[in-house]
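Here's the letter readout for the chains.
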Amino acid sequence: MEAPLIYDLPHNITLPEGKGWVTRKGACPAHVGQPVIIPGSMGAYSYLMVGKGNPAFCNSASHGAGRIRSRFDLNRRSASQNEAELALTGIDCITLREERRIEEAPAAYKPIQSVIDVQVEAEMVDVVARLSPVLTFKA
């Protein structure tokens with residue numbers, strides 16, 4: 001299946017803004033009208049947002065909910081966990097290295113909805129669409 005690139009949103013990046021530079025770690029630009037993608041895990045919704053350019057948050061938005069389990073912890077314990085414990089049941093994931101699938105398992109991430117809600121409430125972004133994962137590719 002061909003899937004053309006529609007939008008690429010950097011995170012963990014330093015960009016020139018105004019008279020200086022802004023470094024975003026775990027965040028992405030969210031200037032007024034700018035598309036913002038806030039991904040959920042392989043097993044959770046992702047969100048297409050639009051930035052509101054809130055200067056109190058350096059015109060930024062989060063890049064996801066963040067991890068609750070480290071990659072190291074998941075790789076070390078994965079041999080004793082099954083698909084259900086990792087929340088991988090029913091997840092379609094293509095990967096070049098099986099350990100990436102384990103490292104990025106849905107059980108590694110915090111729930112996304114509260115992260116979305118707080119950013120909308122803080123007037124950082126507005127929701128455009130909620131997206132359901134169909135297939136995940138992990139390089």
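For the structure itself, look to the data block above.
Owing to the predicted nature of the structure, the values given are computational and were not obtained by experimental measurement. Going along each chain's sequence as written, the residues are numbered from 1 onward. pLDDT decides what is reported in this predicted model: residues at 70 or higher carry local features, side-chain atom pairs at 80 or more are listed and counted, and totals for whole chains, interfaces and linings draw on all residues regardless. Side-chain descriptors were evaluated using all non-hydrogen atoms of the structure, hydrogens and water having been removed beforehand.

1. Considerations on the sheet that holds strand β4 (residues 35–38)
(1) Moving on: Across the sheet, three strands lie side by side as β4-β5-β8; this open sheet has antiparallel pairing. Looking at the sheet topology across the chains shown, the edges are occupied by β4 and β8 (125–131). When strand polarity is set aside, the average angle formed by the axes of neighbouring strands in this sheet is 30°.
(2) Moving on: Note: two strands are recorded as paired if DSSP finds a minimum of 2 bridges between them. Only runs of H or I of at least four residues qualify as helices and only runs of E of at least two qualify as strands under DSSP, and these elements are numbered from the N terminus. Here four bridges tie β4 to strand β5 (residues 46–51), and the two strands are oriented antiparallel to one another. Each bridged residue has a counterpart across the sheet, and for valine 36 the counterpart in β5 is methionine 49. Fitting a line to C-alpha atoms yields each axis, with helices limited to the stretch in contact; the angle taken between N-to-C directions then spans 0 to 180 degrees.

2. Considering the pattern of salt bridges
(1) Moving on: Within this document, salt bridges are pairs made up of a side-chain nitrogen of Lys or Arg and a carboxyl oxygen of Asp or Glu, the two lying within 4 Å of each other. Counting across every chain of the model gives two salt bridges.
(2) Moving on: Residue arginine 24 is joined to glutamate 17 by a salt bridge in which the shortest nitrogen-to-oxygen separation is 2.7 Å.
(3) Moving on: Given a relative accessible area of 17%, glutamate 17 falls into the buried group.
(4) Moving on: Its salt-bridge partner being lysine 52, residue aspartate 126 comes within 3.7 Å of it at the nearest N-O pair. Exposure classes here rest on a 1.4 Å probe applied to the protein chains alone. A residue is buried below 20% of its type maximum, exposed above 50%, and partly exposed in between.

3. As for the side chain of arginine 24
(1) Moving on: Checked against the element boundaries, arginine 24 lands in strand β2 (residues 20–24).
(2) Moving on: With relative accessibility at 3%, the residue arginine 24 sits in the buried group.
(3) Moving on: We define a polar contact as two N or O atoms separated by no more than 3.5 Å, with the added condition that, inside protein, one atom must be a possible hydrogen donor and the other a possible acceptor, whereas residues neighbouring each other in sequence contribute only through side-chain atom pairs. A polar atom in the side chain of arginine 24 sits 2.9 Å from the backbone oxygen of cysteine 58.
(4) Moving on: Whether two residues are in contact is decided by their heavy atoms, any of which lying within 4.5 Å being enough. Filtering out sequence-adjacent residues up to four positions away, arginine 24 remains in contact with His11, Asn12, Ile13, Leu15, Glu17, Pro29, His31, Cys58, Asn59 and Ser60.

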